[in-house]
Structures are given as structure tokens and as C-alpha cells.
Amino acid sequence: YVDINRVVYRGVARVTVSEKPTASVSGTVTDEVTGLPIAGAHLLVQKIGPIRWARAVRSDSTGSYTANNLIPGLYFVRATAKDYLPEYYDNKEQLFEANILTASADDSLTGIDFALGRGGAISGFVKAEADSAPLPRSLVTAEHILSKRKKHTLSAADGSFEISGLHAGDYQVLAAAKGYRSEHFDDAQPGEQPTILSVTPPDVITEVNFYLSTASGISGTVVDAVSGDPLAKATVWVFEKASDSANRKHVKRVANARTDENGEYLVGVRPGSYFVFAEARGYFGEYFDNQKTIMDANEVEVVADAHTQNIDFSLDRLGSISGTVIDENTATPLADATVIAYLERDSRSLAPDIQGVPPS
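Heads up: these notes are all about the structure in this document. Here the structure is a predicted model, which means the values were calculated and not measured.

Calculation criteria
Throughout, a residue's number is its position along its own chain's written sequence, starting from 1. Given that this is a predicted model, residues contribute local features only at a pLDDT of at least 70 and side-chain atom pairs are listed and counted only at 80 or more, while totals for whole chains, interfaces and linings are drawn from all residues. Side-chain metrics rest on all non-hydrogen atoms present in the structure, leaving aside hydrogens and water. Helical segments are the DSSP runs of H or I of at least four residues, strand segments are the runs of E of at least two, and each set is numbered from the N terminus. For a compact globule the rule gives 2.2 Å times the number of residues to the power 0.38, and the radius of gyration it is set against comes from C-alpha atoms. Burial classes: relative accessible area under 20% of the type maximum marks a residue as buried, over 50% as exposed, and values in between as partly exposed (1.4 Å probe, protein chains only). Note on definitions: a residue-residue contact is assigned when non-hydrogen atoms from the two residues lie within 4.5 Å. His residues and chain termini do not enter the charge count, which takes Lys and Arg as positive and Asp and Glu as negative. For this purpose, a charge sits on NZ of Lys, CZ of Arg, CG of Asp or CD of Glu. Within this analysis, patches are made of residues with over 30% relative accessible area and no salt bridge. Like charges are joined at 9 Å or less; nonpolar side chains (Val, Leu, Ile, Met, Phe, Trp, Tyr) at 5 Å or less. Residue burial considers only the protein chains on display, and all accessible areas are found by Shrake-Rupley using a 1.4 Å probe. Whenever Lys or Arg places a side-chain nitrogen within 4 Å of a carboxyl oxygen from Asp or Glu, that contact is recorded as a salt bridge. In summary, the pairing rule links any two rings of Phe, Tyr or Trp, Trp by its six-membered ring, whose centres are within 6.5 Å, and it sorts them by plane angle into stacked for under 30 degrees, edge-to-face for over 60 and tilted for everything else. The rule for a charge over a ring is simple: NZ of Lys or CZ of Arg within 6 Å of the ring centre, and within 35 degrees of the ring normal. What we call a nonpolar core is a set of buried Ala, Val, Leu, Ile, Met, Phe, Trp, Tyr and Cys residues that are connected through their side-chain atoms within 4.5 Å.

Here we look at the overall build of the chain
Thinking step 1. For the chain, the count of helices and strands is zero helices and 31 strands.
Thinking step 2. The globule rule puts the C-alpha radius of gyration for 360 residues at 21 Å, and the 28 Å found for the chain is more than 25% above it.
Thinking step 3. For the chain, the C-alpha atoms occupy an extent of roughly 75 × 70 × 40 Å along the three principal directions.
Thinking step 4. In the chain, which comprises 360 residues, the share counted as buried stands at 37%.
Thinking step 5. Nonlocal contacts in the chain, meaning residues at least 24 apart in sequence, comprise 65% of its contacts between residues at least 6 apart.
Thinking step 6. One way to put it: in the chain the 33 positive side-chain charges average out to a point 7 Å from where the 47 negative ones average out.

Printed below as a string of C-alpha cells:
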């Protein structure tokens, strides 16, 4: 048990009793076509048997790696790197095909080398159907038809994306973004037969482009009330009244979103009536439109296939209290003392100030 800042945590330690870990495995990781070293490749050296023991290391700028402190026994080694197909030693795709290494005490197994092949890739962009505006941070997923393995990526600021390191085979690709309707390539809606893309490593399939149609949602900005500066990473919460009650005190959270570097947000919700709350670290939280409590909050109406825009927030900074804590007899400063500020609500009770925490 560990006490950290007056919070007690319980931990569990696994004790391994075995021979001393004195063996090692080393080698290089290179590109199978160019022969150039691959820096930053991830190597997993995993022991086989009842004792769970593994070492994970990365290759250096020369492509070299060494995994030290291995318990004597049987091992497999796996290498992975960005844009490359993963591989078990020696040039095997599946674990059951892997060459097993035997490491004895004080052994140094050298020459455990990997020549990785680049995987295939799929690239394109995601934009809004209405105005061709790029949709950054859209989730693009490529799913292998037979194995059902999926690889994901997020689109960049200009809406572009590339999913790399793909095995050979047929894939379907799906793009999704908050406030927009998801669709498969090429313009296939969920439930419709998507276009199948055949990937042949190391080729790149380009022009896999998406134009997503608008779905219902809420958008706006969150800024500093004094300076007007955008507040990045502010959280916007969306609540609706509980179905069994018309009382505003009974609400349920249905969605949330984070603002980007421009203080902008977009959250997708179904058509209906909602309460919207924004908060940011170091600021008072508030409901739209400049309301402090759920009882005073203005409802935000959302209609089908449209974004309710300009649901904006100007947040006020929290106040602060500062001072010093010393020993009353010696005047010695007391480090790591805990100072708690309470908001006095009435003459009978004191309660911590939890303003800014949205209702659950």
C-alpha cells in the first residue's frame, strides 16, 4: 500500500524465481528492398513457458538492437516498424511459424536480423459534401475483408490521410467525423455494399476520397472572456432531460467534444433539445448562454441534417488564493502542506467549491 497525497493505492508485485537473467539477443533491422537500416523499430523478445519474461527494445540509428537480461529458455522475436509489415524471426508472418531461439546461461545470440518489407497503403482526403471544407481528425478505417483486421488513422488539418503498413488483400474503407454521416468508399452508406480495394504491398492506392454529408450537431467556440483568446482543449458537454422526467435537475449526458487550437468544437447529436455546458482548466464552467446553473440554462435546439451554430462560450478565469504555511513556534516553512479552499454556503455548513463540475 502506498500513500500519495493522502490517497492510498494498492499495488501488486510479481516475483519471478528463476536462473539469473544473463542471456542476450541482438541483430539488425533493415529495409528488405534498399537494405537501409530502420531506426526506431520495436523488437519484442518473449519467453515461451510458465515463466512470463520479455524484453522490448528499439533499434538505434544504425538499425541495431540488443535485448539483455534474458532468463535462460526458449524465445521468439518479433519486429515491427511504422509503414512496414511485422515479422517474426526468421521471415515468418505468424507466431506458429516463428523460429524458436534457445538461450542458455550467459549466451549472446547474435545475427537475429530482420529485413522488413513495406506494407501497402491507402490514401486520400475527407471533406464536407456541402462546401468541400477539409474535415480534420476524421477517423478513417481500413478493414481486411477476410481476417476482419482493422487499421485506423486520423485525417490531417487539410483532411488528407494515409493508412500504411497494410497486408496484401481486399479492404473496405470507412470514414467518420463528428457531425457528419459516416460512409464507405465510394459514397456507400452503412448497410450498402462498399467498393472493395485490393492492396498489393508496397503499392499505394491513392484518390480514396470522401465527401461526407452533414448530420445533426452543435458547433461553436470557447474563448477567454477578457482577452478573447481561443481556449484549446476545453471540454463541451451536451445534456438532455431524462426521458422519465421534465425536471431540469434530472438530465443525462449524451455527448462531449474537445476544442481545437482555434477554440472551435463540433459535436454530433440527434435532433432534439439540449443543454450545453463548457469548461476549461483554470476557468469557471458555464451553460449556454452565459448561465451558471442548469436551472437557468438556455435550451439549444438541433434539427436534422444541420449544425446548430454559434453556440459560443466566453469563460471567466477562476480566482486564486496564495500565502505561506509555517510552524507556529519556529516559523519554519512547511513544505508539502495541503491547503483546501472552501466556499461558505451558509452559517451551518462548509462544502468544497465544485463549481465548474457539470451535473452527472
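From this point, the discussion proceeds with the structure in view.
Here we look at a negative patch on the surface
Thinking step 1. On the surface, Glu129, Asp186, Asp187 and Glu192 cluster together to form a negatively charged patch.
Thinking step 2. Residue position: Glu129 is located in the loop between strand S12 (120-128) and strand S13 (139-144).

Quick look at the packing of aromatic side chains
Thinking step 1. Going through the model one piece at a time under the given rule, you end up with seven aromatic pairs.
Thinking step 2. Arranged with centres 6.0 Å apart and planes meeting at 70°, the rings of Tyr89 and Phe114 form a pair that is edge-to-face. You can see Tyr89 sitting in the loop between strand S8 (87-88) and strand S9 (101-103) and its partner Phe114 sitting in strand S11 (residues 114-116), a full 25 residues away along the chain. The same class applies to Tyr89 as to Phe114, namely buried.
Thinking step 3. Between Phe185 and Phe210, the ring centres sit 6.1 Å apart and the planes meet at 70°, which makes this aromatic pair edge-to-face. Note that Phe185 is positioned in the loop between strand S17 (183-184) and strand S18 (197-199) and Phe210 in strand S20 (residues 210-212), a separation of 25 residues in sequence. Assigned by exposure class, Phe185 and Phe210 land together as buried.
Thinking step 4. An aromatic cluster is built from Phe161, Phe185 and Phe210, whose rings are joined through pairwise contacts.
Thinking step 5. The positively charged end of Lys127 is found above the aromatic ring belonging to Phe125, 4.4 Å away from the centroid.

Remarks on unusual backbone geometry
Thinking step 1. Residue Asp90 is reached from Tyr89 by a cis peptide bond, and omega for that bond is 10°.
Thinking step 2. Among the structural elements, Asp90 can be located in the loop between S8 and S9.
Thinking step 3. Cis peptide bonds are those with omega within 30 degrees of zero, and the linkage from Phe185 to Asp186 qualifies with 5°.
Thinking step 4. Structurally, Asp186 is set in the loop between S17 and S18.
Thinking step 5. Unlike most non-glycine residues, Lys148 shows phi in positive territory, near 70°.
Thinking step 6. Summarising the element assignment, Lys148 is placed in the loop between S13 and strand S14 (150-154).

Brief notes about the nonpolar core
Thinking step 1. Ranked by internal contacts, the top residues of the largest apolar core, which has 25 residues, are Val25, Leu43, Tyr65, Val77 and Phe114.
Thinking step 2. Elements supplying a minimum of two residues to this core: strand S3 (23-31), strand S4 (42-48), strand S6 (64-70), strand S7 (73-80), S9 and S11.
Thinking step 3. Counting residues in each nonpolar core, the second largest holds 22 residues, with Val222, Val267, Ala278 and Phe288 among its members.

Coordinates in, geometry out; function isn't part of it.
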